[in-house]
Amino acid sequence: MTDFDSLLAANDPERRMAALFAPAELRARLYALYAYYHEIAQIPDKVSEPVIGEMRLAWAREATADLFAAPPKVRRHDVYEALSELREAPGAPDEAALVGLVEARSADLGEGPFPTREDRRDYVDRTSAALMRIAARLLKPDLDLGGEAGAAIQAAGRLWGFAGLLRAFAPLVQAGRPPYSADELAGADMSEADLRAGRKPEVARAALSGLITEAQEAAGMLSRTRSALPAEVFPAVGYASLARGYLKSAQGLGDPFREQIARAPLGQNARLTWASLTGRV
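Given the structure is predicted, the values throughout are model-derived calculations rather than measurements.

**Q** Looking at this structure, how should I read the overall build of the chain?
**A** Looking only at helices and strands, one finds 16 helices and 0 strands in the chain. Here the C-alpha atoms of the chain give a radius of gyration of 19 Å, agreeing with the 19 Å that 2.2 N^0.38 yields for 281 residues. With respect to the principal axes defined by its C-alpha atoms, the chain has extents near 55 × 45 × 35 Å. For the chain, the proportion of its 281 residues judged to be buried stands at 50%. For the chain, the share of sequence-separated contacts (at least 6 apart) that also reach a separation of at least 24 residues comes to 72%. If the 34 positive side-chain charges of the chain are averaged to one point and the 38 negative ones to another, these points end up 5 Å apart.

**Q** Can you help me understand helix α4 (residues 50-67) in this one?
**A** Because each turn of an α-helix spans 3.6 residues, side chains separated by three or four positions in sequence point in the same direction. With 18 residues, α4 should reach 26 Å at 1.5 Å per residue; the first-to-last C-alpha distance of 26 Å fits that figure. Of all the residues in α4, the buried ones are Gly53, Leu57, Ala60, Ala63, Thr64, Asp66 and Leu67. Residues of α4 that are buried in the fold lie against α3 (24-41), α5 (78-86) and α6 (95-104).

**Q** Mind showing me how you'd approach the nonpolar core here?
**A** Where a protein is soluble and globular, its nonpolar side chains tend to be buried together. Leu33, Tyr34, Tyr36, Tyr80, Leu101, Tyr180 and Met190 are the most contacted members of the largest nonpolar core, which has 91 residues in total. Element by element, the count of residues in this core is highest for helix α8 (residues 148-167), at 11 residues. Beyond its immediate stretch of four places on either side in the chain, Leu33 contacts Leu86, Leu98, Leu131, Ile134, Ala135 and Leu138.

**Q** Help me out: how do you make sense of empty space enclosed by the protein in this one?
**A** Once rolled over the atoms, a probe with the size of a water molecule shows which space is left empty. Scanning all chains against the criterion turns up 2 cavities of 30 Å³ or more. A volume near 40 Å³ is recorded for the largest cavity. What lines the largest cavity is Leu67, Phe68, Leu83, Leu86, Arg87, Ala92, Pro93 and Leu98. Surrounding the second largest cavity, Val173, Gly176, Pro178, Glu192, Leu195 and Arg196 form its lining. Among the elements that make up the lining of the second largest cavity, the one with the highest residue count is helix α11 (residues 192-197) (3 residues). Of the residues contributing to the lining of the second largest cavity, the split by class is 3 nonpolar, 1 polar and 2 charged.

**Q** Looking at this structure, how should I read the packing of aromatic side chains?
**A** Aromatic rings considered in pairs are described by the distance between their centres and by the relative angle of their planes. Applying the stated criterion across every chain yields a total of 8 aromatic pairs. Judged by centre distance (5.8 Å) and plane angle (90 degrees), the ring pair of Tyr36 and Tyr80 falls under edge-to-face. Within this pair, whereas Tyr36 is found in helix α3, its partner Tyr80 is found in helix α5, the two being separated by 44 residues in sequence. For Tyr36, a relative accessible area of 0% puts it in the buried group. Look at Trp160 and Tyr239: their rings are 5.1 Å apart centre to centre, the planes differ by 80 degrees, and that puts the pair in the edge-to-face class. On the criterion of sequence distance, the pair formed by Trp160 in helix α8 and Tyr239 in the loop between α14 (234-237) and α15 (243-251) is long-range, its members being 79 residues apart. Put simply, the rings of Tyr36, Trp59 and Tyr80 touch in pairs and so form one group of aromatic residues.

**Q** Is there a simple way to think about the layout of surface pockets in this case?
**A** Roughly 1,400 Å³ of internal volume is contained in the largest pocket. Along its surface, the largest pocket is lined by 49 residues, and Asp45, Arg105, Gly164, Ala168 and Leu172 are the ones closest to its centre. When contributions to the lining of the largest pocket are tallied by element, the ones reaching two or more residues are α2 (13-19), α3, α7 (117-139), α8 and α9 (169-174). Ranked by residue count, the leading element in the lining of the largest pocket is α7, at 7 residues. Of the residues belonging to the lining of the largest pocket, the class tally is 25 nonpolar, 10 polar and 14 charged. Looking at the second largest pocket, it is lined by 12 residues, and the ones nearest its centre are Ala28, Ala32, Ala82, Glu85 and Leu86. Those elements giving two or more residues to the lining of the second largest pocket turn out to be α3 and α5. A per-element tally of the lining of the second largest pocket places α5 first, with 5 residues.

Calculation rules
- Numbering of residues starts from 1 in each chain and follows the order in which that chain's sequence is written.
- Confidence filtering applies because this is a predicted model: local features only for residues at pLDDT of at least 70, side-chain atom pairs given and counted only at 80 or more, and all residues used for totals across whole chains, interfaces and linings.
- Calculated side-chain values reflect all of the structure's heavy atoms, with hydrogen atoms and water omitted.
- To qualify as a helix, a DSSP run of H or I must reach at least 4 residues; to qualify as a strand, a run of E must reach at least 2; elements of each kind are numbered from the N terminus.
- Every radius of gyration here is taken over C-alpha atoms, with the globule rule written as 2.2 Å times N^0.38, N being the number of residues.
- For the exposure calls, accessible area comes from a 1.4 Å probe over protein chains only, and a residue counts as buried if that area is under 20% of its type's maximum, exposed if over 50%, partly exposed in between.
- We call two residues contacting when some pair of their heavy atoms lies within 4.5 Å.
- The charged-residue count follows a simple rule in which Lys and Arg add positive charge and Asp and Glu add negative charge, with His and chain termini not counted at all.
- Charge positions are represented by NZ for Lys, CZ for Arg, CG for Asp and CD for Glu.
- One less than the number of residues in a helix, times 1.5 Å, gives the span that helix is expected to have.
- Within this scheme, the nonpolar core is defined by two criteria: the residues are buried Ala, Val, Leu, Ile, Met, Phe, Trp, Tyr or Cys, and they are joined through side-chain atoms within 4.5 Å.
- Using only the protein atoms, space was sampled on a 1 Å grid; points where a 1.4 Å probe fits but cannot get out form cavities, open sets with protein on both sides within 12 Å along at least five of seven lines form pockets, and lining residues are those with an atom within 4 Å of a point.
- Grid points are joined across faces, edges and corners, and a volume is the space filled by probe spheres set on the points.
- Each residue is assigned to one class: nonpolar for Ala, Val, Leu, Ile, Met, Phe, Trp, Tyr, Cys and Pro, charged for Asp, Glu, Lys and Arg, and polar for all the others, Gly among them.
- We call Phe, Tyr and Trp rings a pair once their centres come within 6.5 Å, taking the six-membered ring for Trp, and we label the pair stacked below 30 degrees between planes, edge-to-face above 60, and tilted otherwise.

So, in structure tokens, the structure goes:
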């Protein structure tokens, strides 16, 4: 059996650290959800051709739908076996929510920038924010996502998602998926060939201002609404508190092609512990 704790420690350490604040049974449910998310999120980066990626995403959609069939069918795969047990838990996601996470990853199989800023925001809403909403309901099944708590979770998800695009700038560029919108790239004195070659770092950095601004706006919304978050959902959203550090680092980058945004694990642990005690996600 896959050790989900080790899997997440290596591939999704921030979510895993926040999940450690949950009781053991609920933590196991978060681990199963995050292992599933990792399984589908890595597909586009592990294929050489988009058509192969689409085939693997189609398999994931079918395997997920099988869990909700009558009777359910469980693929012989550690992640889907764990997901089959998660399906019976209070507040568990339905088929549409899980398949939505798979569908969102189709965008990672294309090339070029996001068509518009709205498309970029929608991508973040369908990935980072959607996952956070699902995780929060696992911890508090009666959570009202239509009120201010829901707005706080969406803001936290957007903040984490935008920060993630900034952190992944260099590999996304090399994969042909720069995290700009088309108008941001068109307005910069820079071609996609310049991006792939790592030329004009100062221009590339300036063109990220729109993405940084959206992340700052999400951070501001989270600050205004976080008091509405119940303490029970902290393990599902607390890692968003780390995004502010990543965002600050991104603003100080000189060469986004070669400088990495990173924070020391010990500092992350301290920040999460402080956030859990104060509720200041």
